[in-house]
Amino acid sequence: MKIAVYPGSFDPITNGHLDIIKRASKVFDKVIVSILVNSSKTPCFEMEERRALIERVMGDLPNVEVDCFEGLLVNYVRKKGAHVIIKGLRAISDFEYEFQMALANTKIAPDIETLFMMTNQEYSYLSSSIVKELASLGGSLEGLVPDEIMQDIIDKVREHEERLKKR
Ligand code: COA
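Calculation criteria
Per chain, the residues get numbers from 1 upward, laid out in the order the sequence is written. In view of the model being predicted, local features appear only for residues whose pLDDT reaches at least 70, and side-chain atom pairs are presented and counted only at 80 or more, with totals across whole chains, interfaces and linings using the full set of residues. Side-chain numbers come from the whole structure's heavy atoms, not from hydrogens or water. Only protein atoms enter the 1 Å grid, on which a cavity is a set of points fitting a 1.4 Å probe that cannot get out and a pocket is an open set with protein on both sides within 12 Å along at least 5 of 7 lines, lining residues being those with an atom within 4 Å of a point. Grid points are joined across faces, edges and corners, and a volume is the space filled by probe spheres set on the points. Numbering of helices and strands starts at the N terminus; helices are DSSP runs of H or I of at least 4 residues and strands are runs of E of at least 2. Side-chain classes are defined by residue name, with Ala, Val, Leu, Ile, Met, Phe, Trp, Tyr, Cys and Pro counting as nonpolar, Asp, Glu, Lys and Arg as charged, and the others, Gly among them, as polar. Between buried and exposed lies partly exposed: a residue is buried under 20% and exposed over 50% of the maximum accessible area for its type, with that area taken using a 1.4 Å probe on protein chains only. Regarding the arc, it is the one traced by the directions from the helix axis to the C-beta atoms. Any two residues whose heavy atoms approach within 4.5 Å at even a single point are treated as in contact. Here, a strand pair is defined by DSSP locating no fewer than two bridges between the strands. Lines fitted to C-alpha atoms define the axes here, with helix axes fitted over just the stretch in contact, and angles between the N-to-C directions of these axes take values from 0 to 180 degrees. Take a side-chain nitrogen of Lys or Arg and a carboxyl oxygen of Asp or Glu: if they are within 4 Å of each other, that pair is a salt bridge.

**Q** Please provide a residue-by-residue account of the layout of surface pockets, values included.
**A** Reported here for the largest pocket is a volume of approximately 1,200 Å³. Along the wall of the largest pocket there are 43 residues; nearest its centre are Gly8, Ser9, Asn38, Lys41 and Lys87. Looking at the lining of the largest pocket, the elements that each hand over two or more residues are β1 (3-8), α1 (15-27), α2 (47-57), β4 (84-89), α4 (92-108) and α5 (128-137). Per-element accounting of the lining of the largest pocket gives the leading share, seven residues, to α4. For the lining of the largest pocket, the class distribution of residues is 18 nonpolar, 16 polar and nine charged.

Printed below as a string of structure tokens:
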């Protein structure tokens, strides 16, 4: 069985991520969307909130599983019996960082391949940070995140901001 792990912060999931997940699910027998910790970021959504949002939009993809993990990505990939890490590339600017990560992962785990998928052109400018900024400033999220979770994202981003202001 060909299993691939699609890791990310998913803080929150966007239509760009969803596009990669759908395409990867056609290539692999099983895709595990793994919410991991990026030590350079302070998330807005709790891990379980991010998982719940992803699960809600994953409806008709039977070979996709959602999971959370805190630790080294390659250890997680091995634990899951996978050999492939999928990453999305949005623009040339992503390349250097992704190349560095892929080489570091290969150095410590030569048996695991990183596979890059080009992000759909429609989402090449998109990121979770852009979604949060638009939600916080009252901009429309139409077409950027799945409709069914749009209001939850707006509510959470605003609640998070209120909490930060009270500190
Ligand atoms: N469409 C839209 N946006 C996309 C996208 C796509 N197809 N692909 C990526 N993005 C966005 C993400 O939303 C993210 O936006 P943000 O910076 O506003 O949050 C940005 O592009 C960067 O994505 P990515 O490079 O995948 O970073 P990430 O934070 O989502 O995930 C981890 C990074 C979690 C996979 C990485 O930190 C990790 O592996 N952590 C585990 C610890 C570990 O093993 N570290 C050692 C590695 S050598």
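Picking up where we left off.
**Q** Any details on α5? Residues and values, ideally.
**A** Turning to α5, its buried residues are Ser128, Val131, Lys132 and Ala135. The buried side chains of α5 occupy one side of the element, clustering within an arc of 95° when seen end-on. Facing away from the buried side of α5, by more than 90 degrees, are the exposed residues Glu133 and Leu137. Of the surrounding secondary structure, the elements contacted by the buried residues of α5 are α1 and α6 (147-166). Following α5 by one or two positions, glycine 138 has its phi on the positive side, about 80°.

**Q** So what's going on with the sheet that holds β1? Residues and values would help.
**A** Ordered by their spatial adjacency, five strands build an open sheet running β3-β2-β1-β4-β5, and the pairing between neighbours is parallel. The outermost strands of the open sheet, each flanked by one partner alone, are β3 (64-68) and β5 (113-118). Strand after strand, the sheet turns through a mean of 30° between neighbouring axes, direction not considered. In the packing of α1 onto the sheet, contacts are made with β1, β2 (30-35), β3, β4 and β5, and the angle to β5 comes to roughly 115°. Lying over the sheet, α2 contacts β2 and β3, oriented at roughly 170° with respect to β3.

**Q** Mind laying out the pattern of salt bridges, listing which residues take part and the relevant values?
**A** Side chains that differ in sign of charge can pair as their charged atoms come close. For the coordinates displayed, the defined rule picks out 17 salt bridges. Ionic pairing is found between arginine 50 and aspartate 11, a salt bridge with its closest N-O pair at 3.8 Å. Pair noted here: arginine 50 is in helix α2 and aspartate 11 is in the loop between β1 and α1, with a separation of 39 residues, a long-range link. We classify arginine 50 as buried; its relative accessible area is 5%. Residues aspartate 11 and lysine 132 are paired through a salt bridge, measuring 2.8 Å at the closest nitrogen-oxygen approach. Highlighted residues: aspartate 11 in the loop between β1 and α1 and lysine 132 in helix α5, separated in sequence by 121 residues. Overall, lysine 132 belongs to the buried group, its relative accessible area being 18%. One salt-bridge network, in which partners are shared between bridges, spans Lys30, Glu48, Arg51, Glu55, Glu65, Asp67 and Lys80.

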